[in-house]
Amino acid sequence: RWVDGKEIHEEDFVFSGGGAQRDFNTFFTAIKDLPYKFNLMAFEYALKSLIIPKNCNLKKVSNAVNFLKEIKKSKFVVVPLHATSKAAGQTTVVQAMSCRKAVIVTNNRSLFDYVENGKTCLMVDPYNPSQLKIAINTLYKNEKKRKSLADNGYKKITLELVSGKYFINFQKVIKKII
């Protein structure tokens, strides 16, 4: 909750970011007509030849600390992925869950150890902007659902996926940088 001695408060935007196997084309199609603000931290190669919608603020990927700050300040996090058998999105999903943020993620086999649709995240089909748009609207408008997914995701990380000492040390690092 704290950065540089100042408390971080949730702001009125949705966050997305990363690079590996990200499907920002579907993300942009889903959000272009939505009345919400979106902050995006993505590597240039992931945005090649894409048109960024006016409601999406592109922020430079400078370091992991700033990436975590954006996650922490957001209402929730969207991780749009290509349909792939490759591992993708785990770091961003785990970071969001560790920061107690609700997550919308593309259905990807490599995430099944981390997320459970409807319990720890909302999962959408690959290349389905209308489904993603519905999921974004659902979480944006439903604070109770956001909180439930965020709390369940946090519990999943702390109780099931991370052992005691490792988690305690990880939490200390997160608290120092955010």
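Residues numbered from 1 in each chain as written. Predicted model: local features only at pLDDT ≥ 70, side-chain atom pairs only at ≥ 80, totals over all residues. Heavy atoms only, no water.

(A) Representation of the pattern of salt bridges within the structure. Summed over the entire model, instances satisfying the criterion amount to six salt bridges. Among the ionic pairs, lysine 73 bridges to glutamate 70, the shortest N-O distance being 3.2 Å. Here glutamate 70 and lysine 73 lie together in helix α3 (residues 64–73), a separation of three residues that amounts to about one turn. The same class applies to lysine 73 as to glutamate 70, namely buried. Across the pair lysine 147 and aspartate 151 runs a salt bridge, and its minimum N-O distance is 2.7 Å. Within this pair, lysine 147 and its partner aspartate 151 are both found in helix α6 (residues 143–161), separated by four residues, close to a single helical turn. One connected set of salt bridges, linked through shared partners, spans Glu10, Lys75 and Lys101. (Salt bridge = Lys/Arg side-chain N within 4 Å of Asp/Glu carboxyl O. Helix = DSSP H or I, 4+ residues; strand = E, 2+ residues; numbered from the N terminus. Buried < 20%, exposed > 50% of the residue type's maximum accessible area, 1.4 Å probe, protein only.)

(B) Main features of the side chain of threonine 120. Position of threonine 120 among the secondary structure elements: in the loop between β7 (102–106) and β8 (122–124). For threonine 120, a relative accessible area of 3% translates into the label buried. The contacts of threonine 120, once residues within four sequence positions are left out, are Met97, Tyr114, Val115, Leu149, Asn152, Gly153 and Lys156. (Contact = heavy atoms within 4.5 Å.)

(C) Quick look at the nonpolar core. Grouped together as the largest cluster of nonpolar side chains are 26 residues, with contacts concentrated most on Phe38, Phe76, Ile104 and Ile136. Listed by contribution, the elements that provide at least two residues to this core are α1 (24–31), β4 (38–42), α2 (44–47), β6 (76–79), β7, β8 and α5 (129–141). Residues Ala88, Val93, Val103 and Val105 belong to the second largest nonpolar core, which totals 22 residues. (Core = buried A, V, L, I, M, F, W, Y, C linked by side-chain atoms within 4.5 Å.)

(D) Just the environment of leucine 81, in detail. Secondary-structure assignment places leucine 81 in the loop between β6 and α4 (90–98). As for leucine 81 and asparagine 108, which are separated by 27 residues in sequence, their C-alpha atoms are 7.6 Å apart. Leave out the neighbours within four places in its chain, and leucine 81 touches Ala20, Gln21, Arg22, Asp23, Ala88, Gly89, Val105, Thr106, Asn108 and Leu111.

(E) Quick peek at α3. A large share of α3 lies buried, amounting to seven of its 10 residues. Every buried residue of α3 is accounted for by Phe67, Leu68, Lys69, Glu70, Ile71, Lys72 and Lys73.

(F) Summary view of the sheet that holds β7. Taking strand neighbours across the sheet as the criterion, the six strands line up as β5-β4-β3-β6-β7-β8 in an open arrangement whose pairing is parallel. Of all the strands in the sheet, just β5 (56–59) and β8 have a single pairing partner and so form its edges. Within this sheet the neighbouring strands show an average axis-to-axis angle of 20 degrees, counted without direction. Note that β4 and β5 share four bridges and pair parallel. (Pairing = 2+ DSSP bridges. Axes fitted to C-alpha atoms, helices over the stretch in contact; angles between N-to-C directions.)

(G) Here's a closer look at the pairing of β7. Of all five residues in β7, five are buried, a share of seventy percent or more. Side-chain alternation along β7 places Ala102, Ile104 and Thr106 on one buried face and Val103 and Val105 on a second face that is also buried. Sheet analysis places β6 next to β7, joined by four bridges and oriented parallel. Note that in β7 the partner of valine 77 across the bridge is valine 103. Following the chain from β6 across α4 to the adjacent parallel β7, one finds a crossover that is right-handed. In this structure, β7 lies alongside β8, joined through three bridges in parallel fashion. Paired with valine 105 across the two strands is methionine 123, which belongs to β8. (Right-handed = clockwise from strand over helix to strand, strands pointing away.)

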